[in-house]
Amino acid sequence: MAVAMDEKLILLGHGSGGLLSHELIEKVFLRHLGNALLTPLEDSALFESAERLLAFTTDSYVVKPIFFPGGDIGRLAVCGTVNDLSMRGARPLHLSAGFIIEEGLPIDDLETIVASMHAAADEAGVTIVCGDTKVVEKHAADKLFINTSGVGAVPKNVSVSVSNAQPGDSVIVSGTVGDHGVTILSQRQGLQFKSLTKSDVAPLNGLVQEMLAACPGIHAMRDPTRGGLATTLNEIAKSSKVGIEIEEDRIPVSDAVERACEMLGLDPLYLANEGKLVVLVAKEQTEHLLEVMRNHVYGRAAAVIGQVTSERPGRVVMRNPFGIRRTIEILASDQFPRIC
Ligand code: MG
């Protein structure tokens, strides 16, 4: 039966569960993502894990635009969930993917995104083992929303938590901050320097595995996504009931991001990152950890930006190059929705 794949647009029928759905699943989803657990299309995927402690997380992705320099919503959806598992020290195993598609989305765009999800999953060494597709009428969604959930296994002796930071710990950031946020915002505003920045979206599990192998006693990790570095540091300070003191001139920011932020009146400390992490580790392990991080492609620009103190619990203080201290607050409200 000739079905409407040749029309090249997503139709409501692609979400019907009938013939068109089956064709979409085979020609787009299974073609790119097919694997031993997904391809049988059972109602749920069954798998075993040798580890007793599992990590489980979920996130929805609504970024606008769905394609941007450095990535797309598909790569973001895989990396975001891989990274949330990694921040607890888990080794990511399997992901689910739920797609909410607006009627009229070009099937070629969907296919590009699904292929990009496959590439990101491959890079991270995870498989997408179950999924769901819904199609909603025009204007009931904006092109494409994706939800991914993920399961990971936590190795013995690993205990990473945002409530574990200890006074004296070093605060390390894995690279430049603000790249993802400024890229999305400048795309949306159609600014001319848009090609100078690109999103940092990347899976961090490889970097984290090397960090944990070198320093199993890492205290805390978090990926500074929405709300940026400033918000993440505040969350850690509050959860761990410690103070955090950072040095402004030690925070890595690329020249392009700095220029873009000046033009747009933005602060890179509050901009989303999608391929960076903050890690807190005992002072004596700092140099070793830093060396391991800088040897990894996603940690080249890793830097110590400050330390944990027992003073001012719950607060983050930044010292500028003139020695003047100011409190860094949590992001007050999200002025820029749909950044991720
Ligand atoms: Mg996170």
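Predicted, not measured: the structure shown is a model, and the values here were computed from it.

(A) Examining the coordination of the magnesium ion more closely. Donor atoms from the polypeptide that bind the magnesium ion are Asp84 (OD) and Asp223 (OD), placed at 2.1 to 2.3 Å. Of the two residues, aspartate 84 sits in helix H2 (residues 73–86) while aspartate 223 sits in the loop between strand E8 (220–222) and helix H6 (228–240), which places them 139 residues apart along the sequence.

(B) Structural context of the sheet that holds strand E5 (residues 127–136). The strand order E1-E6-E4-E5 describes an open sheet built from 4 strands, whose pairing is mixed. Since the sheet does not close on itself, it has two edges, and those belong to strand E1 (54–61) and E5, each with one partner. Geometrically, the sheet is characterised by an average inter-axis angle of 10° between neighbouring strands, direction not taken into account. Judged from the 10 bridges that link them, strand E4 (residues 91–102) and strand E6 (residues 144–153) form a sheet pairing that is antiparallel. Within E6, the residue paired with isoleucine 100 across the bridge is phenylalanine 145.

(C) Spotlight on the sheet that holds strand E11 (residues 303–309). The 7 strands are arranged E8-E10-E7-E11-E9-E12-E13 in an open sheet whose pairing can be described as mixed. Looking at which strands have only one partner, the edges of the open sheet turn out to be E8 and strand E13 (325–327). When the angles between neighbouring strand axes are averaged without regard to direction, this sheet yields 25°. In this sheet, strand E12 (residues 316–319) lies alongside strand E9 (residues 243–247) in parallel orientation, the contact comprising 4 bridges. Of the residues in E12, the one forming a bridge with isoleucine 246 is methionine 318. Against the sheet, helix H8 (residues 286–294) engages strand E7 (170–173), strand E10 (278–281) and E11, with an angle of about 5° to E7.

(D) Geometry of the packing of aromatic side chains. What the rule picks out here adds up to 1 aromatic pair. Each ring, one from phenylalanine 29 and one from phenylalanine 99, has its centre 4.7 Å from the other, and the planes form 45°; the classification is tilted. Taken together, the positions of phenylalanine 29 in helix H1 (residues 19–33) and phenylalanine 99 in strand E4 put the pair 70 residues apart, joining distant regions of the chain. Exposure remark for phenylalanine 29: the relative accessible area of 7% places this residue in the buried category. Residue classification places phenylalanine 99 among the buried residues on the basis of a relative accessible area of 2%.

(E) Representation of the nonpolar core within the structure. By size, the foremost hydrophobic cluster in this structure holds 47 residues, and its most contacted members are Phe99, Leu110, Met117 and Leu144. Every element with two or more residues in this core is listed here: H1, H2, E4, helix H3 (107–124), E5, E6, helix H4 (179–188) and helix H7 (255–264). Here this core takes 8 residues from H3, the largest share from any one element. Among the domains, domain 1 (40–154) and domain 2 (170–327) are the pair contributing at least three residues each to this core. The residues contacting methionine 117, other than those within four sequence positions of it, are Leu33, Gly74, Arg75, Ala77, Val78, Ala97, Phe99, Ile128, Ile146 and Thr148. If you look at the next biggest cluster of nonpolar residues, it comprises 24 residues, including Ala90, Leu212, Cys215 and Met221.

(F) Looking closely at the environment of glutamate 274. You can see glutamate 274 is positioned in the loop between H7 and E10. For the pair glutamate 274 and alanine 202, spaced 72 residues apart in sequence, the C-alpha to C-alpha distance is 6.5 Å. Discounting chain neighbours no more than four positions away, the residues touching glutamate 274 are Leu76, Asn83, His180, Asp200, Val201, Ala202, Thr225 and Cys340.

(G) Representation of the packing of H2 against H3 in the model. Interhelical geometry of H2 versus H3 gives an angle of 30° and a closest axis separation of 7 Å. In terms of orientation, H2 and H3 fall into the roughly parallel class. For the pair H2 and H3, the crossing hand works out as right-handed. Mapping the contact onto sequence places Ile73, Gly74, Arg75, Ala77, Val78, Cys79 and Val82 in H2 and Ile113, Ser116, Met117, Ala120, Ala121, Glu123 and Ala124 in H3.

(H) Layout of the side chain of threonine 81. Looking at where threonine 81 falls in the secondary structure, it is placed in helix H2. With a relative accessible area of 1%, threonine 81 lands in the buried category. If sequence neighbours within four positions are ignored, threonine 81 has contacts with Thr57, Asp59, Tyr61, Leu95, Thr148, Ser149 and Gly150.

(I) Fine view of the packing of H1 against H3. In the contact formed by H1 and H3, the axes pass within 8 Å of each other and the chain directions differ by 25°. With respect to each other, H1 and H3 are oriented roughly parallel. For the crossing formed where H1 meets H3, the hand is right-handed. Two secondary-structure elements touch here, H1 through Leu24, Lys27, Val28, Phe29, Arg31, His32 and Leu33 and H3 through Ile107, Leu110, Glu111, Val114, Ala115, Met117 and His118. The residue inventory of the contact of H1 with H3, partitioned by class, reads 9 nonpolar, 2 polar and 3 charged.

Definitions and cut-offs
Within each chain, residues carry numbers counting from 1 in the order of the written sequence. Predicted model: local features are reported for residues with pLDDT of at least 70 only, side-chain atom pairs are reported and counted for 80 or more only, and whole-chain, interface and lining totals are derived from all residues. Note that the side-chain values use all heavy atoms of the structure and ignore hydrogens as well as water. Counted as donors are N, O and S atoms no farther than 2.8 Å from the metal, or 3.2 Å for Na, K and Ca; water is not among the atoms, and sites may therefore look incomplete. Secondary structure elements follow DSSP: runs of H or I of four or more residues count as helices, runs of E of two or more count as strands, with numbering from the N terminus. Strands are treated as partners if at least two bridges between them are detected by DSSP. Orientation is described by lines fitted to C-alpha atoms, with helices fitted over the stretch in contact, and by angles between N-to-C directions that extend from 0 to 180 degrees. The criterion used for residue contact is that any of the two residues' heavy atoms lie within 4.5 Å. When two rings of Phe, Tyr or Trp (its six-membered ring) have centres within 6.5 Å they constitute a pair, described as stacked for plane angles under 30 degrees, edge-to-face for angles over 60, and tilted for the intermediate range. Think of it in three bands: residues with accessible area under 20% of the maximum for their type are buried, residues over 50% are exposed, and the middle band is partly exposed, with areas taken using a 1.4 Å probe on protein chains only. Nonpolar cores are built from buried Ala, Val, Leu, Ile, Met, Phe, Trp, Tyr and Cys residues. Side-chain atoms within 4.5 Å join them into one set. Segment limits for the domains were obtained from an automatic or database-derived domain assignment. Oblique is the label for every angle not falling under 35 degrees (roughly parallel), over 145 degrees (roughly antiparallel), or within 65 to 115 degrees (roughly perpendicular). Take the far helix as the reference: if the near one is turned anticlockwise from it by less than a right angle, the crossing is left-handed, and if turned clockwise, right-handed. Basically, the charged four are Asp, Glu, Lys and Arg, the nonpolar ten are Ala, Val, Leu, Ile, Met, Phe, Trp, Tyr, Cys and Pro, and anything else, Gly included, counts as polar.

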